[in-house]
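# Geometric and topological summary
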There are 2 protein chains.
Amino acid sequence: MPHRIVHMLRARGTGRRPVMLAIAGDSAAGKTTLTRGLVECLGEDRMTAVCVDDYHRFDRRERQGKPFTALHPDCNYIEIMEQHLQLLAMGEPILKPVYDHGTGELVRPELIEPRDFVIVEGLLPLYSKMARACFDITVYLDPPEAQRTAWKVSRDTTKRGYTADQVMEEMRRREIESAAFIRPQRRHADIVVRFGSVSGRADPPQEPLSAELLLRPTVDHPDLAEVVHGADALHLKLLRDTDGRPVDALHVHGGVSGEEAEIVKKAIWERLDVETPFPASLGTLADGATSDPVAITQLLLLYHLINADRLRMAS
Amino acid sequence: MPHRIVHMLRARGTGRRPVMLAIAGDSAAGKTTLTRGLVECLGEDRMTAVCVDDYHRFDRRERQGKPFTALHPDCNYIEIMEQHLQLLAMGEPILKPVYDHGTGELVRPELIEPRDFVIVEGLLPLYSKMARACFDITVYLDPPEAQRTAWKVSRDTTKRGYTADQVMEEMRRREIESAAFIRPQRRHADIVVRFGSVSGRADPPQEPLSAELLLRPTVDHPDLAEVVHGADALHLKLLRDTDGRPVDALHVHGGVSGEEAEIVKKAIWERLDVETPFPASLGTLADGATSDPVAITQLLLLYHLINADRLRMAS
């Protein structure tokens with residue numbers, strides 16, 4: 001009955017559709033930190049942030065004795081997650097399921113209405129072809145495992161009431177499913193972000209974070225060769241990714257000076273050629289400190305969000 | 001970004017789409033009784049029954065002090081109900097909200113997967129143009145108010161723990177919203193069903209139910225003039241509805257003999273010209289008794305369901 005679809009599409013009218021950004025990555029990879037800066041920058045009145053880790057098929061009690069962890073796609077309503085991503089991408093509201101991470105129970109769903117920009121962060125937003133079809137820009141967070149472990153232990157022991165041993169045990173339990181379902185999303189990202197200490201060591205935590213951004217030619221990036229030309233702590237290199245595919249790699253050294261960072265950030269912003277004032281409040285970390293490599297990463301994502309929004313308005 | 005929609009539709013593929021039947025009507029109008037017979041007849045493996053009275057925006061506690069009852073569209077996520085009806089109509093699953101009528105709380109949603117036939121019953125399934133666009137056949141249950149009151153008092157005092165006074169008070173409280181939002185759905189139904197006692201009195205309950213079916217020319221009904229020709233207790237009359245629009249009215253007298261009912265039911269079934277055997281288990285009421293007028297009504301709905309299914313298979 002194709003007539004019914006036409007009937008329904010006509011009745012629906014043509015709403016304005018949001019720009020969709022995915023931020024995928026394993027637990028404690030830095031998704032929330034990256035997202036928070038973008039929301040603060042564009043404002044909550046223009047941006048909707050959605051975490052897709054609530055589509056659990058089973059609650060915590062029901063999962064006991066099941067042969068997989070909450071990471072496994074079979075443990076989640078992946079088809080409903082895909083459907084909700086499609087609806088958001090078409091500017092439609094959703095009634096999103098809610099998992100209470102405190103009690104481990106599935107509770108009353110919540111209404112989510114997409115604004116101009118929708119950031120979808122979580123463990124599996126790029127898991128399937130259908131889910132990926134919903135995004136304008138896709139990001140995978142890929143910190144070195146030692147770095148991610150340090151972050152996860154720090155967060156889960158201070159904010160979630162676990163001991164370090166419990167966190168490590170849970171990470172071991174999840175490793176097979178991380179390798180099977182989370183990490184393969186990396187190859188579908190337009191931008192792969194690798195935050196880590198300069199030395200590659202997770203300790204000492206005082207060491208400033210560096211960022212390595214793999215920029216795939218699946219979206220149009222600003223011309224960064226010009227931007228980093230002559231800079232001391234930023235480099236752009238053409239290289240082959242681990243799978244042999246060509247990428248541009250932007251390296252931002254953790255020791256970049258405030259002045260140089262400022263010049264580079266403004267240069268990226270100028271390439272947007274928009275009247276929106278340069279966003280100052282970027283790069284804030286979970287502990288309140290600020291990081292120029294994080295700020296530059298967020299600025300590049302803002303560039304893509306605003307550019308996609310502008311293209312949409314013009315079309 | 002129309003390309004994204006095309007991208008998504010292509011990724012979705014072409015699923016088989018169910019036949020959609022709406023049964024709208026006020027509380028205790030007989031929706032569940034009518035639905036139960038259809039589900040039993042077609043089988044749970046082919047039919048999905050959905051009640052759309054769970055899309056409450058507020059739980060019972062939050063509704064206290066609000067200037068409307070749960071009947072009011074503003075008290076419900078009507079937009080989400082419409083969206084879910086569209087998804088079911090396209091053969092897609094939904095994660096349906098669940099309202100616990102015992103505790104008055106909104107709880108964990110449930111996965112609903114549409115089968116060949118989807119029956120959607122409730123207070124407001126025909127409320128909006130968008131919702132109506134999702135159905136192949138639409139029914140409104142319109143018992144005389146005295147009859148509905150008797151049914152509601154009987155059900156709510158025996159099964160839901162209320163006193164008769166409480167039920168009457170609640171009906172009074174809802175009357176304005178019933179008139180404003182429930183009853184206007186009557187005009188959008190292909191079939192208006194009026195079950196009631198022959199005398200029009202709600203008492204004595206022993207009096208057998210009659211049925212008056214208004215058959216609007218919005219769908220193709222079987223040729224009932226032939227079917228009822230010469231029958232004693234069944235009549236087909238051309239008349240004007242209360243709004244002046246022409247309708248066929250099929251009257252099935254509560255005192256119809258078992259033999260005559262059987263002849264009529266078989267005659268309706270033969271007009272379908274299908275190999276499905278004649279359904280015997282129709283017309284069961286809430287108290288376990290059976291009613292030929294109810295059975296004939298269900299048979300007419302089955303006729304439409306199977307006919308729509310056949311047309312869909314052929315297209």
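Residues numbered from 1 in each chain as written. Chains lettered and ligands numbered in written order. Predicted model: local features only at pLDDT ≥ 70, side-chain atom pairs only at ≥ 80, totals over all residues. Heavy atoms only, no water.

Chain A is annotated in an unreviewed UniProt entry as phosphoribulokinase from Actinocorallia longicatena. Its UniProt record, at the heading Catalytic activity (unreviewed entry), says of chain A: "D-ribulose 5-phosphate + ATP = D-ribulose 1,5-bisphosphate + ADP + H(+)". (UniProt positions renumbered as here; feature names shortened; annotations may be inferred.)

All names here are of chain A. With the rule as written, the count across this model stands at 45 salt bridges over all chains. Close ionic contact of Glu 262 with Lys 265 constitutes a salt bridge, the shortest N to O distance being 3.8 Å. Note that Glu 262 and Lys 265 are positioned in helix α9 (residues 258-272) at a spacing of 3 residues, about one turn of the helix. Judged by relative accessible area, Lys 265 falls into the buried class, the value being 9%. (Salt bridge = Lys/Arg side-chain N within 4 Å of Asp/Glu carboxyl O. Helix = DSSP H or I, 4+ residues; strand = E, 2+ residues; numbered from the N terminus. Buried < 20%, exposed > 50% of the residue type's maximum accessible area, 1.4 Å probe, protein only.)

Attention now goes to the UniProt feature "domain: Phosphoribulokinase/uridine kinase" (unreviewed entry) in chain A. The UniProt record marks residues 21-195 of chain A with the feature "domain: Phosphoribulokinase/uridine kinase" (unreviewed entry), using the residue numbering of this structure. Taken as a whole, residues 21-195 of chain A contains 37% helix and 23% strand, while its terminal C-alpha atoms sit 19 Å from one another.

The next subject is the packing of helix α6 (residues 145-158) of chain A against helix α7 (residues 164-182) of chain A. All names here are of chain A. At their nearest, the axes of α6 and α7 sit 9 Å apart, and the two run at 130 degrees to each other. One finds that α6 runs oblique with respect to α7. Between α6 and α7 lies a crossing whose hand is right-handed. Touching Glu 145, Arg 148, Thr 149, Lys 152, Val 153, Asp 156 and Thr 157 of α6 are Ala 164, Val 167, Met 168, Met 171 and Glu 175, all from α7. (Axes fitted to C-alpha atoms, helices over the stretch in contact; angles between N-to-C directions. Parallel < 35°, antiparallel > 145°, perpendicular 65-115°, else oblique. Left-handed = near helix turned anticlockwise from the far one by under 90°. Contact = heavy atoms within 4.5 Å.)

Between chain A and chain B, the superposition needs a rotation of 180 degrees and an axial shift of 0.0 Å, giving an RMSD of 0.0 Å. Both copies of the chain, as the preceding transformation shows, are related through a two-fold rotation axis. (Least-squares fit on C-alpha atoms with pLDDT ≥ 70 in both.)

Right, let's talk about the interface of chain A and chain B for a bit. The interface of chain A with chain B comprises 37 residues on the first partner and 37 residues on the second. Across the chain A-chain B interface, the total number found is 4 salt bridges. Asp 59 of chain B is paired through a salt bridge with Arg 108 of chain A; the nearest N and O atoms lie 3.4 Å apart. The interface formed by chain A and chain B contains 8 residue pairs in polar contact (both at pLDDT 80 or more). Only α1 (2-12), α4 (78-89), β3 (94-100) and β4 (105-112) of chain A provide two or more residues apiece to the side of chain A that touches chain B. Along the lines of polarity and charge, the residues of the side of chain A that touches chain B split into 23 nonpolar, 3 polar and 11 charged. (Polar contact = N/O pair within 3.5 Å; in protein donor to acceptor, adjacent residues only side chain to side chain. Nonpolar A, V, L, I, M, F, W, Y, C, P; charged D, E, K, R; others polar.)

What follows covers the sheet that holds strand β1 (residues 19-25) of chain A. Residue and element names in this part refer to chain A. Pairing is mixed across the open sheet formed by 8 strands, whose spatial order is β2-β5-β1-β6-β7-β8-β10-β9. Since the sheet does not close on itself, it has two edges, and those belong to β2 (47-51) and β9 (234-240), each with one partner. Going across the sheet, the axis of each strand differs from the next one's by a mean of 20 degrees, ignoring polarity. Alignment of β1 against strand β5 (residues 117-122), held across 6 bridges, turns out to be parallel. Bridging from a neighbouring strand, Ala 24 pairs with Gly 122 of β5. The strands touched by α4 are β1, β2 and β5; relative to β1, the strand with the most contacts, the crossing angle is about 145 degrees. (Pairing = 2+ DSSP bridges.)

Residue and element names in this part refer to chain A. Summarising burial for β3: 6 of the 7 residues are buried, a large majority. In the sheet, β3 pairs with β4 via 6 bridges, with the strands oriented antiparallel. Paired with Leu 95 across the two strands is Leu 111, which belongs to β4. Here β3 hands over to β4 after 4 residues, with Gly 104 in that stretch at a positive phi of 75 degrees.

Turning next to the nonpolar core. In terms of nonpolar packing, the biggest core is built from 68 residues, with Leu 85 of chain A together with Leu 85 of chain B touching the most fellow members. The residues contacting Leu 85 of chain B, other than those within four sequence positions of it, are Met 20, Val 52, Val 120, Pro 125, Ala 131, Cys 134 and Phe 135 of chain B. (Core = buried A, V, L, I, M, F, W, Y, C linked by side-chain atoms within 4.5 Å.)

What follows covers unusual backbone geometry. Among all residues except glycine, the phi angle is most often negative; among peptide bonds, the trans geometry is most common. Residues and elements named next belong to chain A. Although it is not a glycine, Ala 28 sits at a positive phi angle of roughly 65 degrees. With respect to the helices and strands, Ala 28 occurs in the loop between β1 and α2 (31-42). Look at Ala 28 and you get buried, because its relative accessible area is 11%.

It helps to recall that an α-helix has 3.6 residues per turn; residues three or four apart then point in one direction. All names here are of chain A. Taking 1.5 Å per residue, 12 residues should reach 16 Å; α2 reaches 17 Å between its end C-alpha atoms and fits that length. Among all positions in α2, only Lys 31, Thr 33, Leu 34, Thr 35, Gly 37, Leu 38, Val 39 and Leu 42 are buried. The elements touched by buried residues of α2 are β1, β2, β5, β6 (137-141), β7 (191-197) and α10 (292-314). In the stretch just after α2, Gly 43 is the one whose phi turns positive, near 95 degrees. (Expected span 1.5 Å × (residues − 1).)

Right, let's get into the sheet that holds strand β7 (residues 191-197) of chain B. All names here are of chain B. The 8 strands lie next to each other as β2-β5-β1-β6-β7-β8-β10-β9, forming an open sheet whose pairing is mixed. Looking at which strands have only one partner, the edges of the open sheet turn out to be β2 (47-51) and β9 (234-240). The average undirected angle you get between the axes of adjacent strands in this sheet is 20 degrees. Across 7 bridges, the pairing between β9 and strand β10 (residues 246-252) is antiparallel. Residue pairing in the sheet places Leu 239 in a bridge with Val 247 of β10.

This brings us to the packing of helix α9 (residues 258-272) of chain B against helix α10 (residues 292-314) of chain B. Residue and element names in this part refer to chain B. Contact geometry of α9 with α10 gives a least axis separation of 10 Å together with a crossing angle of 5 degrees. When the interaxial angle is binned, α9 and α10 end up roughly parallel. For the pair formed by α9 and α10, the contact residues are Gly 258, Ala 261, Val 264, Lys 265, Ile 268, Trp 269, Arg 271 and Leu 272 on the first element and Asp 292, Ala 295, Ile 296, Leu 299, Leu 302, Tyr 303, Ile 306, Asn 307 and Arg 310 on the second. The residue makeup of the contact of α9 with α10, split by class, is 11 nonpolar, 2 polar and 4 charged.

Residue and element names in this part refer to chain A. Under the 1.5 Å per step criterion, the end-to-end length of α9 is 22 Å for 15 residues, consistent within 8% with the ideal 21 Å. Within α9, burial applies to Glu 260, Ala 261, Val 264, Lys 265, Ala 267, Ile 268, Trp 269 and Leu 272. The inward-facing, buried residues of α9 contact α8 (224-228), β9 and α10. Backbone geometry just downstream of α9 places Asp 273 in the positive-phi region, at approximately 55 degrees.

Quick look at the packing of aromatic side chains now. Evaluation of the coordinates by the stated rule reveals 6 aromatic pairs over all chains. For the pair Phe 58 of chain A and Phe 68 of chain A, a centre-to-centre distance of 6.5 Å together with 20 degrees between the ring planes defines the contact as stacked. Of this pair, Phe 58 of chain A sits in the loop between β2 and α3 (60-63) while Phe 68 of chain A sits in the loop between α3 and α4, and the two are 10 residues apart along the sequence. The same class applies to Phe 58 of chain A as to Phe 68 of chain A, namely buried. Arranged with centres 6.3 Å apart and planes meeting at 70 degrees, the rings of Tyr 127 of chain A and Phe 181 of chain A form a pair that is edge-to-face. With a gap of 54 residues between them, Tyr 127 of chain A in the loop between β5 and α5 (129-132) and Phe 181 of chain A in helix α7 connect regions that are remote in the sequence. Given a relative accessible area of 32%, Tyr 127 of chain A falls into the partly exposed group. Here Lys 266 of chain A stacks its cationic end above the ring of Phe 278 of chain A, 5.7 Å away from the centre of that ring. One residue, Lys 66 of chain B, lies across the ring of Phe 58 of chain B, its end atom 4.6 Å from the ring centre. (Phe/Tyr/Trp six-rings, centres within 6.5 Å; stacked < 30°, edge-to-face > 60°. Lys NZ or Arg CZ within 6 Å of the ring centre and 35° of its normal.)

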